[in-house]
Amino acid sequence: MNWLSAIFKRQRFAGNRRLFLLCLLLFVISGFFSFWTFFPAEVLQRRLLQEASQQTGLKMEGRNATMLFPLGLGLNLIIYPGVPAVANLEVTDLQITPVWGSLFSKSQKVHFGALLAGGKVDVAAARNGQINLELKGIDLVTLQQPDLPYRVSGQLTGQLDGENISQNMQGEGNFSLSVKDISILGLERIGLPADFFAGTLRLEGQLAQRRVSLERIVLSGGALELSGGGNILIGETADQSRLNLNVRLHPTATTPDSLRNLLDLTGIRPTVDGSYLLRIGGTMAKPAIR
């Protein structure tokens, strides 16, 4: 009978242990869900936007903050660039979550995913300044003020991989951008067709501190073809940012006569193959063509 008593005691102990573990698990789960449900998302939103504004110098306004499961913050965001030509940026469905695989590494990462101007933005940013940015289908005309005399429409796609990136444009990296279905609006003001279709633009280059090296510039498939490259030195303002670009324009069979006449008025003579070589210098605020 002693052995039967021992068996029953072990069964009761095992049952009590399972019951204890089950209660502990339920307590942890309920505590987590209570924390997740009642965490003050508005407070976290306000703190994050305050920090982002201090780092970037941009004014921001957040709305509809919610906690995301299992850990993250969702909100809508309005960014006020403070640049006359750029419209206020309405960022919707912004989701800020940790990159789980980096939590136990030396440099933790945070993922930002959002919708902007009919497209999508994905950013992975690390504490050491590493950043991976991807843009898909951004509508350029939406980003510009509607009352501008000249605007550019098209769909922007691109990516940037950078290291040691800081708020004052220090760091290094490489990028590639493409804009398809480009149209330039407002050119009827200077006698060119109102529906000027420019085709597809591709840019490839590198960042090194405050220097942007444009290694490849190609515009094709429209009324005018373009190729070239050069450097841009980024200053604190557009007046302090210097340009040094070499661009070759290639008229095509669809180039309007009004554009050919405008090129002739610049005083730049065509080369043997009929193209025009332009050297663009000066500042971003006041570029000079020679």
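Residues numbered from 1 in each chain as written. Predicted model: local features only at pLDDT ≥ 70, side-chain atom pairs only at ≥ 80, totals over all residues. Heavy atoms only, no water.

### Overview of the overall build of the chain
When helices and strands are tallied, the chain shows 3 helices and 14 strands. Counting the 290 residues in the chain, one finds 32% classified as buried. Intrachain contacts of the chain at a sequence separation of at least 6 include 38% that bridge at least 24 residues. Summing over all exposed atoms, the chain offers an accessible surface of approximately 18,200 Å²; the carbon and sulfur share of this is 60%. (Helix = DSSP H or I, 4+ residues; strand = E, 2+ residues; numbered from the N terminus. Buried < 20%, exposed > 50% of the residue type's maximum accessible area, 1.4 Å probe, protein only. Contact = heavy atoms within 4.5 Å. Areas by Shrake-Rupley, 256 points an atom, 1.4 Å probe, with all protein chains shown as cover.)

### Description of the packing of aromatic side chains
In total, this model carries 0 aromatic pairs according to the counting rule given. Over the face of the ring belonging to Y80 we find K59, whose NZ or CZ atom lies 5.4 Å from the ring centre. (Phe/Tyr/Trp six-rings, centres within 6.5 Å; stacked < 30°, edge-to-face > 60°. Lys NZ or Arg CZ within 6 Å of the ring centre and 35° of its normal.)

### As for the pairing of strand β2 (residues 72-80)
The buried count for β2 comes to 7 of 9 residues, which makes it a mostly enclosed element. Sheet topology places strand β1 (residues 59-68) next to β2; 8 bridges connect them, and they run antiparallel. Counted as the bridge partner of M67 is L73 from β2. Bridge count for β2 against strand β3 (residues 89-98) is 6 bridges, and the pairing is antiparallel. Note that in β3 the partner of G74 across the bridge is Q95. (Pairing = 2+ DSSP bridges.)

### Quick look at the side chain of S153
Position of S153 among the secondary structure elements: in strand β7 (residues 151-163). The residues touching S153, leaving out its near neighbours within four places in the chain, are V141, D181, I182 and S183.

### Overview of the pairing of strand β10 (residues 211-221)
Pairing of strand β9 (residues 196-208) with β10 involves 10 bridges; the strand directions are antiparallel. For L203, the partnering residue across the bridge sits in β10 and is I217. Adjacent in sequence and paired antiparallel, β9 and β10 are bridged by 2 residues, among which Q209 carries a positive phi angle near 60 degrees. As defined by bridge partners, β10 adjoins strand β11 (residues 224-233) across 7 bridges and the pair is classed as antiparallel. Residue V212 lies in a different strand from β11, and its bridge partner there is I232. Taking the residues between adjacent antiparallel strands as the criterion, β10 and β11 are bridged by 2 residues.

### Quick word on the environment of A198
Counting through the fold element by element, A198 comes out in strand β9. Assessed through its relative accessible area of 5%, A198 is described here as buried. Along the backbone, A198 and L224 are 26 residues apart, and their C-alpha atoms lie at a distance of 6.4 Å. Residues within four places of A198 in sequence aside, it is in contact with I182, L219, S220, G222, A223 and L224.

### With respect to unusual backbone geometry
In the Ramachandran plot, A117 falls in the positive-phi region, its phi being about 50 degrees despite a non-glycine side chain. Turning to its location among the elements, A117 is positioned in the loop between β4 (109-116) and β5 (119-126). Relative accessible area serves as the criterion here: at 14%, A117 is assigned to the buried category. Of note, D181 is a non-glycine position whose phi angle comes to about 55 degrees, a positive value. Mapped onto the secondary structure, D181 falls in strand β8 (residues 172-185). Taking the relative accessible area as the measure of exposure, D181 reaches 46% and is therefore partly exposed.

### Things to note about the confidence of the model for the chain
The predicted model of the chain has a mean per-residue pLDDT of 77, with 79% of residues at 70 or higher. Of all helices and strands in the chain, the one with the weakest mean pLDDT is helix α1 (residues 2-38) (46), whereas strand β6 (residues 131-139) scores best (91). In the predicted structure, residues 1-16 sits below a pLDDT of 50 and forms 0 contacts with residues beyond four places in sequence or in another chain. (pLDDT = per-residue confidence, 0-100.)

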